[in-house]
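Here is how the chains run, residue by residue.
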Amino acid sequence: MANPLFDDRTVDFVLHDLLDASSLCRLPHFAEHGRETFDLYLTSCRKLAREQLFPAYRPMDTDTPRLEGGQVRVHPAMRELWSRMVELGIINASTPMELGGQQLPALLSVMGNAYLMAGNLSAAGYAGLTTGAAHLIEEFGDERLKRDYMARMYAGDWAGTMALTEPQAGSSLADVRTRATPTAEGHYLISGNKVFISGGDQDITENVVHLALARIDGAPAGTKGVSLFCVPKRRLINGTLIDNDCASAGVFHKLGWRGLPSIALNFGERGDCHGYLVGEAGRGLAHMFVMMNGARLMVGATATATASAAFHESLDYARTRPQGRPLAVRDPLTPQVPIIEHADVRRMLLRQKAIIEGSLALCAQAAKWADEAAHETDPEAKKRAQLLLDLITPATKTFPAEKGFESCALALQIFGGYGYTSEYPAESYLRDQKLNTLHEGTTGIQGMDLLGRKVMGDGGAGLQILSAEIAQAIEAARAAGDAQAPLSSLATQLEQAVADLGATTMELAQRGISGDRLGMMRHSTDYLEMFSLIAISWLWLRMATRATQSIAATPARGPFLRGKLKTAQYWFATDLPRTASIGALIRSGEESFDSARGEELE
Amino acid sequence: MKILVTIKRVEDYESKIKVKPDGTWIVTDGVNYRANPFDEIAVEEALRLRDANMPSEVIAVSVGSELSVNEIRSALAMGADKGILVKQAGWVDSDAVARCLQKVIEREKPDLVLMGKQAVDVDDNVTGQLLAEYLGWGQATFASKHESLESAEEKAKKPGVKLAADKASVEVIREIDGGLETLSVKLPAIVTVDLRLNVPRYASLPNIMKAKKKPVEELDPKALGVDVTPKVKVLKVEPPPARAAGIKVPDVAALVQKLHSDAKVI
């Protein structure tokens with residue numbers, strides 16, 4: 001069976017039953033949209049992902065980009081795929097109409113992209129990077145940059161990249177060294193080395209536009225000295241494209257995402273690399289971080305997509321692979337049963353489902369808050385959505401990435417020994433998935449961002465609003481539950497866990513106030529896990545509530561809706577209880593790893 | 001050139017179709033619907049012909065319940081210029097559909113009508129032929145082309161159905177049992193399309209937004225003077241027989257014997 005990439009009914013359930021996506025159209029910015037445009041757009045994304053992107057996924061994983069005579073050559077299928085993605089309008093789907101876009105809610109654009117990512121994350125990656133880079137120019141660039149560069153990127157004529165990382169400056173971007181020397185003509189001369197630049201060169205589009213971080217000569221050390229520049233591979237001078245001295249120094253061999261080249265770039269080897277300042281000098285990181293919620297949300301969606309594609313492979317295999325007999329059958333002459341008949345295989349399937357659908361709901365909820373934060377007309381509601389989005393972003397990036405890796409491992413496990421071979425695709429999804437805990441801020445960075453900046457930074461305001469949201473969901477679950485649906489016991493369980501999170505947060509805040517900042521932050525990654533488990537449980541409780549409310553009205557959806565209830569039940573039985581032990585660990589301030597030094601770590 | 005193209009709302013072939021226990025029809029609850037894939041090929045061909053012969057217009061027509069407006073919208077989102085829905089709830093047989101279309105065509109006076117050769121729900125494969133008869137027009141069924149679906153012509157979205165230089169006829173390559181044959185059909189005409197004619201485009205987001213503003217006119221069969229009472233009576237609906245399990249034979253001789261005496265294929 002062809003891989004469906006996502007279960008369409010689940011995507012529709014999350015969009016419409018859980019989040020009432022059409023309600024966004026009450027906002028003037030989305031007034032041109034409605035259920036009809038959403039459905040047609042998703043239909044096109046589904047077809048593109050299944051019919052065009054997915055068939056090229058394995059070939060692009062195998063036949064990887066290479067550097068030939070200074071030019072990176074990518075898989076030949078990419079040209080056609082690029083045109084199809086551009087034609088569909090995914091690059092500027094959410095861009096304002098006056099810039100040629102269609103003002104599609106991020107919620108829909110993220111869901112559409114999830115299909116494309118599940119089909120072929122490398123192919124979709126080129127488009128996502130281009131959108132991100134063009135968006136930076138849209139927000140901060142001057143009119144000339146918008147006209148000469150942004151417009152061509154949104155039109156899909158040129159592609160874009162984010163050129164941040166340097167060999168000595170990865171997570172610590174304040175340490176970038178690339179130099180920008182001002183000239184009398186207004187442009188800067190850029191020189192320096194960048195690494196891990198995804199899509200940093202290719203032979204799909206005639207130009208590649210890098211949004212690069214660099215330090216203007218004489219700028220102060222640290223964050224305040226970093227500025228953002230537009231550095232094209234070919235610069236546009238009087239309508240002509242001229243080589244801009246951006247040399248591809250090598251293509252990295254990587255674990256996954258093999259269809260998308262990650263390259264080392266040398267700017268200004270000949271002293272002729274022009275860069276154009278984007279936004280204010282010294283505000284490069286701040287400008288970059290405006291895009292960070294969006295970029296991190298996309299990582300979460302990609303992680304969900306990769307896990308979903310792997311899940312569907314394993315589901316199909318479990319249904320078709322005969323192996324062994326039911327426990328009660330001793331006769332070796334009876335036929336073997338498909339492995340889905342074994343309880344442990346079903347456990348592995350349901351666990352993947354719980355992770356993937358929980359992640360999908362989390363990404364969708366974050367995207368909806370992003371839409372409200374950007375386009376709500378009521379200032380209070382707008383501010384509220386922004387607080388919730390800021391708070392949920394570290395979990396939206398990390399939970400799908402970390403648990404998605406476990407999910408991909410379970411998919412591989414279902415294939416048994418075959419899963420370890422490249423005869424089956426389970427191994428490639430596991431490889432692809434690993435990047436998501438690393439890029440756009442590692443899991444460790446996300447933990448610090450959540451606890452230090454998002455929870456403690458605003459005095460717990462965001463967490464209070466989220467707790468109120470959760471309390472509402474608990475009430476709704478109690479009202480909807482009945483004898484068949486054990487919603488009220490799930491509700492009580494979640495109530496307890498939220499109280500536990502509140503108490504843990506208070507205790508850490510006390511530590512911070514008393515001056516023990518290290519003690520407060522020591523378990524920030526554990527805190528992120530506890531927070532994420534609760535956020536996912538909240539979404540599962542809401543999905544179980546909606547499923548319970550819908551069963552009577554739409555009996556034909558019975559098996560589908562009961563599946564949601566079972567998965568919620570599973571999650572509350574296996575994972576939510578873990579918050580108690582994680583909470584206890586955090587509060588204990590356990591410091592063995594922190595105090596371990598030197599030889600103790602060998 | 002004015003091109004009329006038909007688009008039918010059908011059960012999604014990826015939905016699990018179950019027959020009702022009383023055998024009167026299928027269970028429609030929980031089934032997804034979509035545009036008939038053959039009709040999507042017809043829409044694609046209409047758009048290519050239009051774009052190669054401007055100025056032209058493509059009208060997408062459906063006969064069905066009010067929900068069929070979704071399929072008309074999907075044709076408009078692919079690029080058709082306007083839509084017409086002949087609104088009739090419940091099952092309408094192919095003959096009634098053909099007579100509704102006849103009235104619409106007499107009013108709209110298109111030069112060419114493109115249709116899927118059949119709909120994937122009941123696979124009747126008669127509406128195009130009936131319509132040609134009612135209109136007294138020429139017809140070419142099962143339109144296809146020589147070039148493969150991976151060819152440069154296909155990628156360049158060249159029409160497979162070609163309008164003659166004098167614009168009085170179209171050249172249609174059609175699938176027949178032994179291969180392909182080429183017909184020249186005088187316009188106005190009915191052309192029904194087969195699977196290998198083209199790969200339909202996806203509705204792009206800009207076109208989806210434009211489609212919202214395109215007009216869809218609703219017509220009533222009664223007002224058109226068409227009696228849609230079905231002439232075809234459904235006696236019984238049953239699922240295809242389940243495939244029997246295979247057997248293993250000990251050697252080639254036994255296989256040949258079985259093929260000869262049981263399967264009677266050699």
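Reading guide: rules and limits
- Residues numbered from 1 in each chain as written.
- Chains lettered and ligands numbered in written order.
- Predicted model: local features only at pLDDT ≥ 70, side-chain atom pairs only at ≥ 80, totals over all residues.
- Heavy atoms only, no water.
- Helix = DSSP H or I, 4+ residues; strand = E, 2+ residues; numbered from the N terminus.
- Rg over C-alpha atoms; globule rule 2.2 N^0.38 Å.
- Buried < 20%, exposed > 50% of the residue type's maximum accessible area, 1.4 Å probe, protein only.
- Contact = heavy atoms within 4.5 Å.
- Areas by Shrake-Rupley, 256 points an atom, 1.4 Å probe, with all protein chains shown as cover.
- Lys, Arg positive; Asp, Glu negative; His and termini not counted.
- Charge placed at Lys NZ, Arg CZ, Asp CG, Glu CD.
- Buried area = accessible area lost by both parts, 1.4 Å probe.
- Salt bridge = Lys/Arg side-chain N within 4 Å of Asp/Glu carboxyl O.
- Polar contact = N/O pair within 3.5 Å; in protein donor to acceptor, adjacent residues only side chain to side chain.
- Patch = residues over 30% accessible without salt bridge, like charges linked within 9 Å, V, L, I, M, F, W, Y side chains within 5 Å.
- Domains from an automatic or database assignment.
- Core = buried A, V, L, I, M, F, W, Y, C linked by side-chain atoms within 4.5 Å.

Moving on to the overall build of chain A. For chain A, the count of helices and strands is 19 helices and 12 strands. For 602 residues, the compact-globule formula gives about 25 Å, and the C-alpha radius of gyration of chain A, at 25 Å, lands near that figure. The principal-axis extent of the C-alpha atoms belonging to chain A is close to 80 × 65 × 60 Å. Here chain A holds 602 residues, and the buried ones make up 56% of them. Excluding contacts between residues fewer than 6 apart, the proportion of contacts in chain A whose partners are at least 24 apart in sequence is 76%. If you sum the accessible surface of chain A, you get close to 23800 Å²; carbon and sulfur atoms cover 54% of it. If the 59 positive side-chain charges of chain A are averaged to one point and the 69 negative ones to another, these points end up 2 Å apart.

On the side of chain A, 21 residues touch chain B, which itself brings 17 residues to the contact. With both sides pooled, the region where chain B packs onto chain A buries about 1800 Å², and carbon together with sulfur makes up 62% of that total. Interface area lost by chain B to chain A is led by Tyr202, Leu205 and Met209 of chain B, which between them contribute 40%. Linking chain B with chain A are three salt bridges. Between Glu32 of chain A and Lys213 of chain B there is a salt bridge, with the nearest N and O atoms lying 3.1 Å from each other. Joining chain B to chain A, the criterion identifies eight residue pairs in polar contact (both at pLDDT 80 or more). Here the element with the most residues in the side of chain B that touches chain A is helix 6 (residues 205-211) of chain B; it accounts for four residues.

Side chains of Val252, Val256, Val265 and Ile266 of chain B sit close together on the surface and give an oily, nonpolar patch of about 380 Å² of accessible area. Here Val252 of chain B is to be found in helix 8 (residues 252-261).

Turning next to the environment of Gly30 of chain B. Along the chain, the position of Gly30 of chain B falls in the loop between strand 2 (9-11) and strand 3 (33-35). Take Gly30 of chain B: its relative accessible area is 59%, and that puts it in the exposed class.

Residues and elements named next belong to chain A. By the assigned domains, chain A splits into domain 1 (8-152), domain 2 (160-282) and domain 3 (443-590). A C-alpha centroid distance of 24 Å is found between domain 1 and domain 2. Contacts between the two partners involve 31 residues from domain 1 and, on the opposite side, 34 residues from domain 2. Each partner contributes to the roughly 2800 Å² buried at the junction of domain 1 and domain 2, and carbon and sulfur atoms together form 68% of this total. Contact with domain 2 buries surface across domain 1, with Val72, Leu129 and Tyr149 losing the most and accounting together for 21% of the total. In this assembly, domain 1 and domain 2 are joined by one salt bridge. Here Arg73 makes a salt bridge to Asp203, at a shortest N to O gap of 3.7 Å. At the junction of domain 1 with domain 2, the criterion picks out 12 residue pairs in polar contact (both at pLDDT 80 or more).

All right, on to the nonpolar core then. Met78, Tyr149 and Leu494 of chain A together with Leu114 of chain B are the most contacted members of the largest nonpolar core, which has 222 residues in total. Per-element accounting of this core gives the leading share, 19 residues, to helix 5 (residues 106-140) of chain A. Membership of the second largest hydrophobic core comes to 24 residues, among which are Ile59, Val92, Ala132 and Leu219 of chain B.

Residue and element names in this part refer to chain A. Positionally, Asp449 belongs in helix 12 (residues 443-455). Here the side chain of Asp449 touches Arg453 through a polar contact of 3.0 Å, side chain to side chain. Filtering out sequence-adjacent residues up to four positions away, Asp449 remains in contact with Arg296, Pro394 and Lys454.

A full pass over the atoms with the stated rule returns 67 salt bridges over all chains. The salt bridge partner of Arg46 of chain A is Asp8 of chain A, with a shortest N-O separation of 3.1 Å. Of this pair, Arg46 of chain A sits in helix 2 (residues 35-53) while Asp8 of chain A is found in helix 1 (residues 8-18), placing the two residues 38 residues apart along the sequence. According to the relative accessible area criterion, Arg46 of chain A is buried, its value standing at 10%. Its relative accessible area of 22% is what places Asp8 of chain A among the partly exposed residues. Salt-bridge contacts for Glu175 of chain B lead to Arg196 of chain B; the nearest nitrogen and oxygen are separated by 2.9 Å. Of the two residues, Glu175 of chain B is situated in strand 9 (residues 169-176) and Arg196 of chain B in the loop between strand 11 (189-193) and helix 6; the sequence distance between them amounts to 21 residues. With a relative accessible area of 46%, Arg196 of chain B lands in the partly exposed category. Beyond isolated ion pairs, a larger network of salt bridges with shared partners links Arg351, Lys403, Glu406, Glu529, Asp575 and Arg578 of chain A.

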